[in-house]
Amino acid sequence: MEKLLTLIVPSYNMEDYLGDCLESLLVGESLEQVEVLVINDGSKDGTSGIAHGFEAAFPGVFRVIDKENGNYGSCVNRGLDEATGKYVKVLDADDSFDTANFEKYLSFLSSVDADLILSDFAVVDSERTTRKVIRYDMHRGTEFDMDSTCTDPIFQNMQMHAVTYRLENLRRMGYRQTEGISYTDQQWIFIPMAAVKKVAYFASPVYRYLVGRAGQTVDPAVKMKSVRHTMKCAADMAAMYEKYRPAVGDRPVRQYLLSRVTPMLKDVYVFALSHYDEAMKSMLSEFDGQLKRISRELYDYIGSREASSFMGFEYLAWWRGHRDTGISVVRFFSSLYMIVLRLRKSSSDEDPMSVPVSF
């Protein structure tokens with residue numbers, strides 16, 4: 001039977017979560033339409049055994065790919081190489097699906113023919129209690145053109161948990177994620193959009209995104225250790241933007257791509273400046289020079305008043321002109337920036353999943 005949907009499940013030391021994740025996909029007869037690729041990324045715990053148990057119980061649906069550790073992007077890339085479904089979606093091993101809505105979602109997929117399927121998702125805590133449902137109802141009907149909606153702020157603030165792509169498009173464009181680093185989930189909702197022409201919207205939460213787990217890459221302590229990963233991911237996104245910019249031309253999707261790469265680049269600068277010391281100064285100066293070589297357009301834009309200013313103060317442009325200033329001066333400005341940023345976030349009525357790391 002031809003598969004309708006391939007799910008790629010990157011898994012590294014996920015024995016405490018993988019069982020619940022895969023169990024949530026068991027939807028009865030509709031399961032035969034699904035291909036679940038569990039990519040075991042060199043786990044050192046019982047992850048592989050759990051995955052192989054599902055493979056034995058449901059042959060032809062679950063398939064385990066045991067590989068050496070290569071980090072998140074390598075799992076997505078291997079899954080794309082092995083996928084056979086019409087559509088493809090990434091499901092992190094510590095997350096899960098709403099089983100009832102997943103069955104309805106499969107029926108929806110079989111009724112549309114789109115390049116991107118957008119669906120709502122739920123944010124759940126460690127007890128799997130739903131804390132918030134993120135909805136993307138743009139009041140445009142079931143299907144709509146990409147160019148007519150990709151500049152909508154609701155669309156631009158989507159997360160990876162909401163997207164499913166037509167596999168053929170990703171292969172045609174030769175899409176690959178950066179390997180060996182974390183934070184490449186942002187790449188999943190970046191360049192693949194350049195190949196999207198038609199979008200379909202499923203107005204129920206399918207994905208259940210777990211927050212609050214110790215060791216997640218959004219944990220500040222983990223992120224501090226992985227700042228070089230963030231820089232590598234951001235630099236590669238800038239390179240992707242330059243590669244596909246000519247093909248995109250003046251289509252509205254170019255504004256979408258710019259809206260995605262800009263916060264990623266700003267995250268690098270804001271994080272580095274707010275943790276500024278001699279080592280961080282060296283790393284940020286190296287990154288700044290690399291960005292200038294990769295894309296003069298993005299280098300100039302990220303330093304502009306429009307992209308990087310705070311209460312009228314162009315902090316990034318100031319840093320570029322005063323990077324030899326004493327560390328304490330930069331720390332003072334960045335500390336003030338972060339205090340006000342936290343105050344704005346705490347009083348914001350915005351969806352917490354869409355509040356940017358900087359403004």
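Keep in mind the model is a prediction, meaning the values are calculated, not measured.

**Q** Outline the packing of helix H9 (residues 227–248) against helix H10 (residues 253–274), supporting the account with residue identities and numerical values.
**A** Relative orientation of the contacting elements H9 and H10 amounts to 160°, with a least axis distance of 10 Å. Classified by the angle their axes make, H9 and H10 are roughly antiparallel. Crossing geometry of H9 relative to H10 is assigned as left-handed. Of the residues in H10, those in contact with Val 227, Thr 230, Met 231, Cys 233, Ala 234, Met 237, Ala 238, Tyr 241, Arg 245 and Val 248 of H9 are Val 253, Arg 254, Leu 257, Leu 258, Arg 260, Val 261, Met 264, Leu 265, Asp 267, Val 268 and Phe 271. Residues of the contact of H9 with H10, tallied by class, amount to 16 nonpolar, one polar and four charged.

**Q** I'd like a rundown of the pattern of salt bridges, residues and numbers included.
**A** Going through the model one piece at a time under the given rule, you end up with 20 salt bridges. Notably, a salt bridge pairs Arg 131 with Asp 125, separated by 2.6 Å at the nearest N-O pair. Exposure remark for Asp 125: the relative accessible area of 11% places this residue in the buried category. Between Glu 168 and Arg 172 there is a salt bridge, with its nearest N and O atoms 2.5 Å apart. Taken together, the positions of Glu 168 and Arg 172, both in helix H6 (residues 167–172) and four residues apart, correspond to about one turn of that helix. With relative accessibility at 57%, the residue Arg 172 sits in the exposed group.

**Q** Please set out unusual backbone geometry residue by residue, giving values where relevant.
**A** One non-glycine residue, Asn 13, adopts positive backbone phi at about 50°. Position of Asn 13 relative to the elements: it lies in the loop between strand S1 (5–11) and helix H1 (18–23). The backbone phi angle of Asn 71 is positive, close to 75°, even though this residue is not glycine. You can see Asn 71 is positioned in the loop between strand S3 (62–67) and helix H3 (72–82). Asn 71 sits in the partly exposed class, given a relative accessible area of 21%.

**Q** Give me the packing of H10 against helix H11 (residues 278–294): which residues, what numbers.
**A** Relative to each other, H10 and H11 sit at 160°, their axes nearing to 10 Å. In terms of axis orientation, H10 runs roughly antiparallel to H11. Relative to H11, H10 is oriented so that their crossing is left-handed. Residues Leu 265, Val 268, Tyr 269, Ala 272 and Leu 273 of H10 pack against Met 280, Leu 284, Phe 287, Asp 288 and Leu 291 of H11.

**Q** Which residues make up the confidence of the model for the protein, and what values go with them?
**A** Mean pLDDT over the protein stands at 89; residues scoring 70 or higher make up 89%. Considering only residues more than four positions removed or in separate chains, one finds that residues 348–359, a stretch of pLDDT under 50, has 28 contacts.

**Q** I'd love a proper account of the nonpolar core, names of residues and values included.
**A** Core analysis: the biggest nonpolar cluster contains 118 residues, and Val 36, Phe 102, Leu 118, Phe 155, Tyr 165, Trp 188 and Met 193 have the highest contact counts within it. Looking at this core element by element, the count peaks at 13 residues for H10. The residues touching Tyr 165, leaving out its near neighbours within four places in the chain, are Lys 86, Tyr 87, Val 88, Asp 115, Leu 116, Leu 170, Trp 188, Ile 189, Pro 192, Met 193 and Val 196.

**Q** Can you break down H3 residue by residue, with the values?
**A** The buried count for H3 comes to eight of 11 residues, which makes it a mostly enclosed element. Every buried residue belonging to H3 is among Tyr 72, Gly 73, Ser 74, Cys 75, Val 76, Asn 77, Gly 79 and Leu 80, and all of these are buried. Close packing links the buried residues of H3 with S1, strand S2 (34–41), S3, strand S4 (87–90), H6 and helix H7 (185–188).

**Q** Could you give an account of the packing of aromatic side chains, with specific residues and numbers?
**A** Inspection of the entire model under this criterion finds 12 aromatic pairs. Ring plane angle 65° and centroid distance 5.5 Å describe the contact between Phe 155 and Tyr 256, whose orientation is recorded as edge-to-face. Placement of the pair is Phe 155 in helix H5 (residues 153–156) and Tyr 256 in helix H10, with a sequence separation of 101 residues. Both residues of the pair, Phe 155 and Tyr 256, count as buried. Centre to centre, the rings of Tyr 165 and Trp 188 are 5.2 Å apart; their planes meet at 75°, and the pair counts as edge-to-face. Residue Tyr 165 is located in strand S9 (residues 163–166), and its partner Trp 188 is located in helix H7; the two are separated by 23 residues in the primary sequence. Relative accessible area serves as the criterion here: at 1%, Tyr 165 is assigned to the buried category. Owing to a relative accessible area of 1%, Trp 188 belongs among the buried residues under this scheme.

**Q** Could you give an account of the pairing of S3, naming the residues involved and the relevant values?
**A** Strand direction decides the pairing type here: S2 and S3, joined by six bridges, are parallel. If you follow Ile 39 over to S3, its bridge partner there is Ile 65. Following the chain from S2 across helix H2 (residues 47–57) to the adjacent parallel S3, one finds a crossover that is right-handed.

**Q** Any chance you could break down the side chain of Asn 101 for me, citing the residues and the numbers?
**A** Within the element layout of this structure, Asn 101 appears in helix H4 (residues 99–109). In this structure Asn 101 comes out as buried when scored by relative accessible area, which is 12%. Ignoring sequence-local partners within four residues, the contact set of Asn 101 consists of Phe 202, Ser 204, Pro 205 and Val 206.

Definitions and limits used
- Residues numbered from 1 in each chain as written.
- Predicted model: local features only at pLDDT ≥ 70, side-chain atom pairs only at ≥ 80, totals over all residues.
- Heavy atoms only, no water.
- Axes fitted to C-alpha atoms, helices over the stretch in contact; angles between N-to-C directions.
- Helix = DSSP H or I, 4+ residues; strand = E, 2+ residues; numbered from the N terminus.
- Parallel < 35°, antiparallel > 145°, perpendicular 65-115°, else oblique.
- Left-handed = near helix turned anticlockwise from the far one by under 90°.
- Contact = heavy atoms within 4.5 Å.
- Nonpolar A, V, L, I, M, F, W, Y, C, P; charged D, E, K, R; others polar.
- Salt bridge = Lys/Arg side-chain N within 4 Å of Asp/Glu carboxyl O.
- Buried < 20%, exposed > 50% of the residue type's maximum accessible area, 1.4 Å probe, protein only.
- pLDDT = per-residue confidence, 0-100.
- Core = buried A, V, L, I, M, F, W, Y, C linked by side-chain atoms within 4.5 Å.
- Phe/Tyr/Trp six-rings, centres within 6.5 Å; stacked < 30°, edge-to-face > 60°.
- Pairing = 2+ DSSP bridges.
- Right-handed = clockwise from strand over helix to strand, strands pointing away.

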